[in-house]
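Notes for the structure review
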Amino acid sequence: MKETLYLTQDLAIINYSTGYAKTAEQLLKSSTFSNFVHNYMDYLKEHHEDLYDFALQKKTPREATVEIVKLFRMMRIFKIDEIESVYLEDKKSLLEFLEGMYNFWKRHQRFSVVHMGDGNVLQDSSFVQADSNFNSLVRSCYRDIEEQIMGRKNRVYRQMQAGTNAAIAVRNVYVKLSDAYNALKGIPLISSVMLRTPMILHPKSNKRTGMFTETDTNPISSFTGDKDTWFAYPCKIGSLLAFIYFHRDFISSAVSLGNLFELATEEECRKKPDLICLFGNEDGKDQTVFHYDEQEDVWVGCVSYHERIEYFGYLKKMSLTLHNVRMMQKGWLPIHGAFVNITLKNGKRKGIMLMGDSGAGKSESIEALKIVGKDVIKDIEVVFDDMGTIHLEDGIPYGQGTEIGAFIRLDDLDPGTPYRDMDRSIFMNPESSNNARVITPAAPYEVVAKNHKIDLFAYANNYDDKLGLHRFDKLEDAKATCVEGKRMAKGTTQEVGISTTYFANPFGPMQQQEICDPLIDQMFTALRDNGVFVGEIYTHLGLSKENRDGINHAAKELLAFIEKD
């Protein structure tokens, strides 16, 4: 990224490596600030004609910008009654202009980037401290000018995040890939992420549509990105190394990955990745595809540039699809579900794995269990909250996870649940009544990526009006229910009403059923032979959003199972 400020209608990215203001004087003198004021003038022209006319004062927008910036700079030096300016003849409008400009800035999703190790102005400073200083600088600069215009001090001070929502530090790292992937080699990799939480984002889209399709053509052949407009988030998804390349217009989704996937170390980034995702590729194809490069032994996914892919589910699910097809190659069975280890105060401990498609009630059942068992549960260790695997070692089935966080639908949680961890969370359209979401940390990577014993495996049934927990008498019935993957769709995708998805998992297993079928037979037989409870849990979440009696009843029966010897 060459420019100091990249600004769109609702996104701002500041490149500290090309320019960094340490004082209000440097900020107000910068071309970046002048360009921002000019952009604000364009906004006023479309949305606030009276204020636009006040700002122009019969000048051109560029001339008016120069005069306004000059006035703000003078206010930093002189008292207001020592300054002559036509704008000071109407202080009410000037104050409205200033507050509107401040709010215009805050309405943007704001991020900063620091290129480390390239001789930049911040190479000897912490990028977190630098971003914090910038936050304080913007706030104090606004406040000083505001108080000058008002002619008095504020009586109530609100310490809002006036600078950025998040910051990233990036490095140029040699990527161990063949010449076929040369287009990726100059793209900087993220080495650190700083999130100002609770972070509130407003993506234009709130659901995922379409399917992820396997293709015979490697998407890298139509990659259009470059080192100035793209970044990469290198991470570990389960035990796999993934490089997630993204167009800067989708930086809000990419930095949100900091709450979901473990960021890889610089040493790990020097290894060949197992998975590559190209997110926001301007190929004009409007597709979501994945491909296996047999020669390079790497899975490559691609999501075409489109406004709707701002919904975080596109980035998360493409990444997990790549993980799942890779793990099936290894003989591991992907599970779309949730897995926790419950330890009671009396010392009993059991591993609970729930399976189901989006909206079935996997995460919500665990949350309900936390509430009904609050007096007897000592600890809940999350292994995975959306996607994991079952594999065999010496004939024993074990579960592992993929994510260090959870991407949860707010509507289905107990009203108080989202606020418990809000200080670490990322909220997406929280004011919306349709699929508002939160991304919150859930488990350390060391827990996610190790083997865990399974004591109960249950399908999350959100469509039947039955109550509690049911154990399958026959293994074939269990497999048939899970393979059918029935659910009442809740609007998180384009589906509505009762739908079925192969093995409740459209992220790899559905596309490769011939590979998944024998894995299902193998793992379910191992679950039975090792005495694992295999059944289904009735969540009722497809029947009623408001009535939580069903899921609470199911949680009580889950707790009873855990308490049994």
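Look above for the structure.
Let me sum up the structure you'll find in this document. Numbers given to residues run from 1 along each chain, matching the order in which its sequence is written. Thresholds applied to this predicted model are a pLDDT of at least 70 for local features of residues and 80 or more for the giving and counting of side-chain atom pairs; totals over whole chains, interfaces and linings are not thresholded and use all residues. Computation of side-chain values: all heavy atoms of the structure, hydrogens and water removed.

The subject of this paragraph is the overall build of the protein. Secondary structure elements are defined from DSSP: runs of H or I of at least 4 residues count as helices, runs of E of at least 2 residues count as strands, and each element is numbered from the N terminus. Per the secondary structure count, the protein includes 15 helices and 27 strands. Its C-alpha atoms give the protein a radius of gyration of 26 Å, near enough to 24 Å, the size a compact globule of 565 residues would have. Seen along its three principal axes, the alpha-carbon backbone of the protein occupies a region of about 90 × 55 × 40 Å. Note on exposure labels: buried denotes an accessible area under 20% of the residue type's maximum, exposed denotes more than 50%, and partly exposed covers the range between, all computed with a 1.4 Å probe on protein chains only. The 565 residues of the protein split such that 59% are buried. Long-range pairs, those at least 24 residues apart, make up 75% of the contacts in the protein with a sequence separation of at least 6. Areas reported as accessible are Shrake-Rupley estimates using a 1.4 Å probe. Residue values count occlusion only from the protein chains shown. Counting every atom, the protein has about 23,300 Å² of accessible surface; 46% of that belongs to carbon and sulfur. To get the radius of gyration, use the C-alpha atoms; to get the globule rule, take the number of residues to the power 0.38 and multiply by 2.2 Å. Whether two residues touch is decided by their heavy atoms; if any such pair falls within 4.5 Å, the residues are in contact.

Let us look at the packing of helix 5 (residues 91-107) against helix 6 (residues 127-150). All axes here are fitted lines through C-alpha atoms, helices being fitted over the stretch that makes contact, and every angle between N-to-C directions spans 0 to 180 degrees. Running from N to C, helix 5 and helix 6 cross one another at 165°; their axes reach a closest spacing of 9 Å. With respect to helix 6, the axis of helix 5 lies roughly antiparallel. Here helix 5 and helix 6 pass one another in a crossing that is left-handed. Between helix 5 and helix 6, the residues in contact are Lys91, Leu94, Leu95, Leu98, Glu99, Tyr102 and Trp105 and Phe134, Val138, Arg139, Tyr142, Ile145, Glu146, Ile149 and Met150, respectively. Per-class residue counts for the contact of helix 5 with helix 6 are 11 nonpolar, no polar and four charged. Angle categories: roughly parallel below 35 degrees, roughly antiparallel above 145, roughly perpendicular from 65 to 115, and oblique for all the rest. By convention the crossing between two helices is left-handed if the near helix lies anticlockwise of the far one by an angle smaller than a right angle, and right-handed if it lies clockwise. Three categories are distinguished: nonpolar for Ala, Val, Leu, Ile, Met, Phe, Trp, Tyr, Cys and Pro, charged for Asp, Glu, Lys and Arg, and polar for the others, with Gly belonging to the last.

For the rest of this paragraph, the subject is the sheet that holds strand 20 (residues 426-428). Two strands make a pair as long as DSSP finds a minimum of two bridges between them. Read across the sheet, four strands follow the order 6-20-21-19 without closing on themselves; strand pairing throughout is mixed. Each edge of the sheet is formed by a strand with only one pairing partner; in this case those strands are strand 6 (199-201) and strand 19 (405-409). Along the sheet, successive strands turn relative to each other by an average axial angle of 20°, direction set aside. Across three bridges, strand 20 lies against strand 21 (residues 437-441) in antiparallel orientation. In the strand pairing of strand 21, methionine 428 is matched with arginine 437.

Like-charged residues within 9 Å of one another, or nonpolar side chains (Val, Leu, Ile, Met, Phe, Trp, Tyr) within 5 Å, are grouped into patches, provided each residue has over 30% relative accessible area and no salt bridge. When a carboxyl oxygen of Asp or Glu is within 4 Å of a side-chain nitrogen of Lys or Arg, the pair counts as a salt bridge. Note that His is not counted, nor are the chain ends; the positive residues are Lys and Arg, and the negative ones are Asp and Glu. Charge positions are represented by NZ for Lys, CZ for Arg, CG for Asp and CD for Glu. Taken together, the side chains of Glu49, Asp50, Asp53, Glu89, Asp90 and Glu96 present a region of like negative charge at the surface. The element best represented in the negative patch is helix 3 (residues 49-56), accounting for three residues. Following the sequence through the fold, glutamate 89 ends up in the loop between helix 4 (61-75) and helix 5.

Within strand 27 (residues 533-538), six of the six residues are buried, which leaves it mostly tucked inside the rest of the structure. By the bridge criterion, three bridges tie strand 24 (residues 469-471) to strand 27 in an arrangement that is antiparallel. Opposite arginine 471, over in strand 27, you have glycine 535 as the bridge partner.

With respect to the helices and strands, the residue glutamate 282 is situated in the loop between strand 11 (275-281) and strand 12 (288-293). Overall, glutamate 282 belongs to the partly exposed group, its relative accessible area being 45%. Those residues in contact with glutamate 282 that lie beyond four places of it in its chain are Thr224, His247 and Tyr305.

Orientation of helix 10 (residues 362-372) relative to helix 15 (residues 549-563), taken along the N-to-C sense of each, is 70°, at an axis distance of 8 Å. Classified by the angle between their axes, helix 10 and helix 15 sit roughly perpendicular to one another. In terms of crossing hand, the pair formed by helix 10 and helix 15 is right-handed. Residues Glu364, Ser365, Ala368, Leu369 and Val372 of helix 10 lie in contact with helix 15, whose contacting residues are Ile551, Asn552, Ala555, Lys556, Leu558, Leu559 and Ile562. Classifying every residue of the contact of helix 10 with helix 15 gives eight nonpolar, two polar and two charged.

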